[in-house]
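Inside the fold
Here's the letter readout for the chains.
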Amino acid sequence: MSPEIPCSPFEYSLAAYQYSLPPDKIAQTPVTPRDASRLLVVDSATTHRHHRFRDLPTLLQPGDLLVLNDTRVIPARLLGYKPSGAQVEVFLLEDQGDNRWLALVRPGRRLKPGATIHFGPNPDQPDLVAQVLDTDPDTSGRLLKFEPQSGELLFALFERLGEVPLPPYITDTAASPDQYQTVYAEAPGAVAAPTAGLHFTPELFERLEELGVGRSRITLHVGVGTFRPVEAENILDHKMHGEWIDVSAETVAQINATKARGGRVIAVGTTVVRALEGAAQGGELQPYQGKVNLFIYPGYRYRVIDGLITNFHLPGSSLMMLVSALIGRERLLALYETAIEQDYRFYSFGDAMLILPEAVQGR
């Protein structure tokens, strides 16, 4: 992607997106109820306010449209065995179709193409077998072909034999697996949650509906493209891994109707941003099903979204760059410093930020 708005050379350096976060600010367990989390509201180019997520109906307007990612996290961490009995850990990354998955495998050095992994309580009579088809240089992973050993469906076996993975920075949690799913999760396929949506409750949706705030959905199966770190010192050299999205004709119609009547499109999470903006790369939003690898960083001119609900992201991440493109890098870093000073909770189980259209650059 070529930037559309001129930026300083420093904006393209990885060093420009670093900040220092005290370890005790990394949330280990989500708050209960979900909408009791804190919400940093960015309401203009220079001002912000502190709220609770449950205050959202007082912050949005009748006619606004929330766009949600309805992906569901699968039990992507599987414990298996080599025929020799040696233990193997498999972390699913991406569905490649036909029971083939891209996965990280540990230890993987000796698992060359042709090797097999057995899964189930009895390794000698496995419920599921995976064969290594190929290696993947981009992820240092393996392409695995799964073969159920009975009539059980593959996703049912994943549910029975696997566990929902949590990010590596969550090391001491009391969270249950369902707390790492949004209340509207439907389409299985993600290996990480679209965490901006974790703050919603059915009761909050009811209040928003009473206000006249609409809802629409896309699907983006969160995978390696979301959490893969940016390593290139010049971020223009970073290559995003493609992620599968589904932006339906119904969602496109809802968005177009919202804009036509003067409503605002609020993306719930960076995955929604990538899906909608990815489906609009031809110049206008179109229904789309397939892979996108859109990398958004300062200089990008947004085509679809007007505002954003998002959590606080890791230093140097592509997600920080995406939000910087919306409100400016220096502004974002200043807001993060404020959040740290005000004891906000960071990352997946942490608090949220609402960026209203009035705060977006170029509006």
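Here is a short report on the structure shown in this document.

1. Some points on unusual backbone geometry
Here the residue pair threonine 32 and proline 33 is connected by a cis peptide bond, since its omega of -5° sits within 30 degrees of zero. Position of proline 33 relative to the elements: it lies in the segment before β1 (38-42). In this model, serine 140 sits at a positive phi of 60°, which is unusual for a non-glycine residue. Take serine 140: it is sitting in the loop between β9 (128-136) and β10 (141-148). If you check the backbone angles, tyrosine 347 has positive phi at about 75° while not being a glycine.

2. Some thoughts on the pattern of salt bridges
Scanning the model with the defined rule gives 17 salt bridges in all. Ionic pairing is found between glutamate 89 and arginine 77, a salt bridge with its closest N-O pair at 3.1 Å. Taken together, the positions of glutamate 89 in strand β6 (residues 87-97) and arginine 77 in strand β5 (residues 77-81) put the pair twelve residues apart, joining distant regions of the chain. Classification of arginine 77 as partly exposed rests on a relative accessible area of 23%. Across the pair glutamate 209 and arginine 215 runs a salt bridge whose closest N-O atoms are separated by 3.6 Å. A relative accessible area of 53% means that glutamate 209 is categorised as exposed.

3. A short note on helix α7 (residues 318-327)
α7 sits mainly inside the fold: ten of its ten residues count as buried. Those residues of α7 not exposed but buried are Ser318, Leu319, Met320, Met321, Leu322, Val323, Ser324, Ala325, Leu326 and Ile327. Trailing α7 by a residue or two, glycine 328 shows a phi angle of about 100°, which is positive.

4. Let's talk about the sheet that holds strand β12 (residues 214-220)
An order of β2-β1-β17-β16-β14-β3-β12-β13-β15 is seen for the nine strands of this open sheet, with the pairing classed as mixed. Looking along the sheet, the strands with just one partner apiece sit at the ends: β2 (48-52) and β15 (288-292). Taking each pair of neighbouring strands and ignoring which way they run, the sheet shows an average axis angle of 25°. With five bridges joining them, strand β13 (residues 243-247) and β15 adopt antiparallel strand pairing. Looking at β15, one finds that aspartate 246 is bridged to glutamine 289. Against the sheet, helix α8 (residues 329-341) contacts β1, β2, β16 (307-311) and β17 (352-355), and its axis sits at roughly 50° relative to β2.

5. Describing the nonpolar core
By size, the foremost hydrophobic cluster in this structure holds 61 residues, and its most contacted members are Tyr19, Val247, Leu276, Tyr302, Phe346, Met353 and Ile355. Setting aside residues up to four positions removed in sequence, tyrosine 19 forms contacts with His313, Leu314, Pro315, Met320, Leu333, Tyr336, Ile340, Phe346 and Tyr347. Judged by nonpolar contacts, the second largest core, of 25 residues, contains Val88, Val90, Phe119 and Phe158.

6. Remarks on the packing of α7 against α8
Their axes nearest at 7 Å, the elements α7 and α8 cross at an angle of 115°. In terms of their interaxial angle, α7 and α8 are classed as roughly perpendicular. Here α7 and α8 pass one another in a crossing that is right-handed. The residues of α8 that touch α7, namely those facing Met320, Val323, Ser324 and Ile327, are Arg329, Arg331, Leu332, Leu333, Leu335 and Tyr336. The class makeup of the residues in the contact of α7 with α8 is seven nonpolar, one polar and two charged.

7. Examining α8
For α8, with 13 residues, the first-to-last C-alpha span of 19 Å sits near the 18 Å given by 1.5 Å per residue. Considered for burial, the residues of α8 that qualify are Arg329, Arg331, Leu332, Leu333, Leu335, Tyr336, Thr338, Ala339 and Ile340. In this structure, the buried side of α8 is in contact with β1, β2, β16, α7 and β17.

About the criteria used
Residues numbered from 1 in each chain as written. Predicted model: local features only at pLDDT ≥ 70, side-chain atom pairs only at ≥ 80, totals over all residues. Heavy atoms only, no water. Helix = DSSP H or I, 4+ residues; strand = E, 2+ residues; numbered from the N terminus. Salt bridge = Lys/Arg side-chain N within 4 Å of Asp/Glu carboxyl O. Buried < 20%, exposed > 50% of the residue type's maximum accessible area, 1.4 Å probe, protein only. Pairing = 2+ DSSP bridges. Axes fitted to C-alpha atoms, helices over the stretch in contact; angles between N-to-C directions. Contact = heavy atoms within 4.5 Å. Core = buried A, V, L, I, M, F, W, Y, C linked by side-chain atoms within 4.5 Å. Parallel < 35°, antiparallel > 145°, perpendicular 65-115°, else oblique. Left-handed = near helix turned anticlockwise from the far one by under 90°. Nonpolar A, V, L, I, M, F, W, Y, C, P; charged D, E, K, R; others polar. Expected span 1.5 Å × (residues − 1).

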